[in-house]
Amino acid sequence: MKKTEAMTDKRIAILVPESFYCAQLSEVLSMLYWSTKKYDIFSPQELVVSEEGLTVRRTKNPREFSLARYDSLLVIDTADIDTAAEDSGITAFLRCFNPEEHFVAAAGSAPLLLLKAGIIEGKHFSAGCDSSDFERLGITEEQQKGFVEPDELDEEKMVIADGRLLTGSSKRYRGFIMRLCALMDLELDME
């Protein structure tokens with residue numbers, strides 16, 4: 001896919017839930033530093049605290065969100081998937097994005113938030129979870145139809161792409177982010 005001027009002006013929306021994994025956010029921001037792609041950090045609260053105790057301030061309030069400014073969504077994984085899955089604000093935010101029109105990426109348990117929001121049904125996806133997570137979050141067998149077990153994925157990549165949707169295990173997160181950059185045709189100037 002060729003980059004158009006309109007695509008380069010668009011930003012990445014990064015959703016950072018409470019108890020997020022600091023290493024994932026750090027990896028994403030490190031990669032984006034080397035590209036010209038701009039981003040905004042969204043979270044349910046003004047300040048969110050990572051599992052490791054790092055506090056991050058959102059750059060945009062979800063009420064300031066305008067979908068026209070974004071071509072992609074990246075959901076950072078959380079140690080508290082249950083609370084994030086019950087947050088109606090997170091669900092409403094996620095429902096703004098459509099993997100047919102936007103790049104949507106999530107790894108670890110974060111794809112379950114996309115599934116719970118109903119935006120990836122019918123797509124092939126993977127996540128770093130097991131059947132008990134699906135059951136606990138009330139995700140039906142019908143919703144799970146496109147699920148690919150992490151152990152069925154290429155050990156080197158641990159990701160699955162279905163059109164503009166990228167999901168996978170968080171084990172090889174740097175590779176996941178590199179794959180997202182390639183999918184979005186982002187150039188990284190690391191010199």
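Just so it is clear, the model here is predicted, and its values are computed rather than measured.

Asks: Would you mind going over the side chain of Glu27 with me for this structure?
Replies: Of note, Glu27 is situated in helix H2 (residues 22-33). Owing to a relative accessible area of 18%, Glu27 belongs among the buried residues under this scheme.

Asks: Looking at this model, I keep getting lost on unusual backbone geometry. Mind explaining?
Replies: In most cases, non-glycine residues show a negative phi, while peptide bonds are predominantly trans. Here Ser19, not a glycine, exhibits a phi torsion of approximately 60 degrees, which is positive. Secondary-structure assignment places Ser19 in the loop between strand S1 (11-15) and H2. A positive phi angle is found at Asp185, which is not glycine, with a value near 60 degrees. Note on placement: Asp185 falls in the segment after helix H7 (173-183). Residue Asp185 is classed as partly exposed on the basis of its relative accessible area of 32%.

Asks: So what exactly am I meant to see when it comes to the nonpolar core here?
Replies: Among soluble globular proteins, nonpolar side chains are generally buried collectively. The biggest cluster of nonpolar side chains holds 32 residues, and the ones touching the most others in it are Leu73, Val75, Leu94 and Leu114. A total of four residues in this core trace back to one element, the largest contributor, which is helix H5 (residues 111-116). Setting aside residues up to four positions removed in sequence, Leu94 forms contacts with Leu15, Leu73, Val75, Leu113, Leu114, Ala117 and Ile119. Counting residues in each nonpolar core, the second largest holds 25 residues, with Val16, Leu32, Ile41 and Phe103 among its members.

Asks: Would you explain the pairing of strand S2 (residues 39-42) in this entry?
Replies: Both faces of the sheet carry side chains from a regular strand, because those side chains alternate between them. One ladder, built from four bridges, connects S1 with S2; its direction is parallel. From the neighbouring strand, Ile12 faces S2, where its bridge partner is Tyr39. Running through H2, the crossover from S1 to the neighbouring parallel element S2 is right-handed.

Asks: Before we go on, may I ask you to explain H2 in this structure?
Replies: Residue pairs spaced three or four apart in an α-helix point in one direction, given the helix's 3.6 residues per turn. With twelve residues, H2 should cover 16 Å at 1.5 Å per step; its first-to-last C-alpha distance of 16 Å lies within 8% of that length. The secondary structure elements touched by the buried residues of H2 are S1, S2, strand S4 (55-57), strand S5 (70-75), strand S6 (103-107) and H7.

Asks: Please explain H7 as it appears in this structure.
Replies: Those residues of H7 that fall on the buried side of the exposure criterion are Tyr173, Phe176, Ile177, Leu180 and Cys181. The arc that holds every buried residue of H7, seen down its axis, measures 140 degrees, which confines them to one face. As for H7, its buried residues are in contact with H2, S5, S6, strand S7 (159-162) and strand S8 (165-168). Positive backbone phi, at 60 degrees, marks Asp185, one or two positions downstream of H7.

Asks: Looking at this structure, how should I read the packing of aromatic side chains?
Replies: Aromatic ring pairs are defined here through the distance separating the ring centres and the angle between the ring planes. What the rule picks out here adds up to eleven aromatic pairs. Relative to Tyr70, the ring of Phe42 has its centre 5.7 Å away and its plane inclined at 70 degrees; by these criteria the two rings are edge-to-face. One end of the pair, Phe42, is in strand S2; the other, Tyr70, is in strand S5, and 28 residues separate them in sequence. Side by side, Phe42 and Tyr70 carry an identical accessibility label, which is buried.

Asks: What is the right way to look at a negative patch on the surface in this model?
Replies: There is a patch of like negative charges on the surface, built from Asp130, Glu135, Glu141, Glu149, Asp151 and Glu152. Residue position: Glu135 is located in helix H6 (residues 131-136). Judged by its relative accessible area of 61%, Glu135 is exposed.

The rules behind each value
- Residues numbered from 1 in each chain as written.
- Predicted model: local features only at pLDDT ≥ 70, side-chain atom pairs only at ≥ 80, totals over all residues.
- Heavy atoms only, no water.
- Helix = DSSP H or I, 4+ residues; strand = E, 2+ residues; numbered from the N terminus.
- Buried < 20%, exposed > 50% of the residue type's maximum accessible area, 1.4 Å probe, protein only.
- Core = buried A, V, L, I, M, F, W, Y, C linked by side-chain atoms within 4.5 Å.
- Contact = heavy atoms within 4.5 Å.
- Pairing = 2+ DSSP bridges.
- Right-handed = clockwise from strand over helix to strand, strands pointing away.
- Expected span 1.5 Å × (residues − 1).
- Arc of directions from axis to C-beta.
- Phe/Tyr/Trp six-rings, centres within 6.5 Å; stacked < 30°, edge-to-face > 60°.
- Patch = residues over 30% accessible without salt bridge, like charges linked within 9 Å, V, L, I, M, F, W, Y side chains within 5 Å.
- Areas by Shrake-Rupley, 256 points an atom, 1.4 Å probe, with all protein chains shown as cover.
- Salt bridge = Lys/Arg side-chain N within 4 Å of Asp/Glu carboxyl O.
- Lys, Arg positive; Asp, Glu negative; His and termini not counted.
- Charge placed at Lys NZ, Arg CZ, Asp CG, Glu CD.

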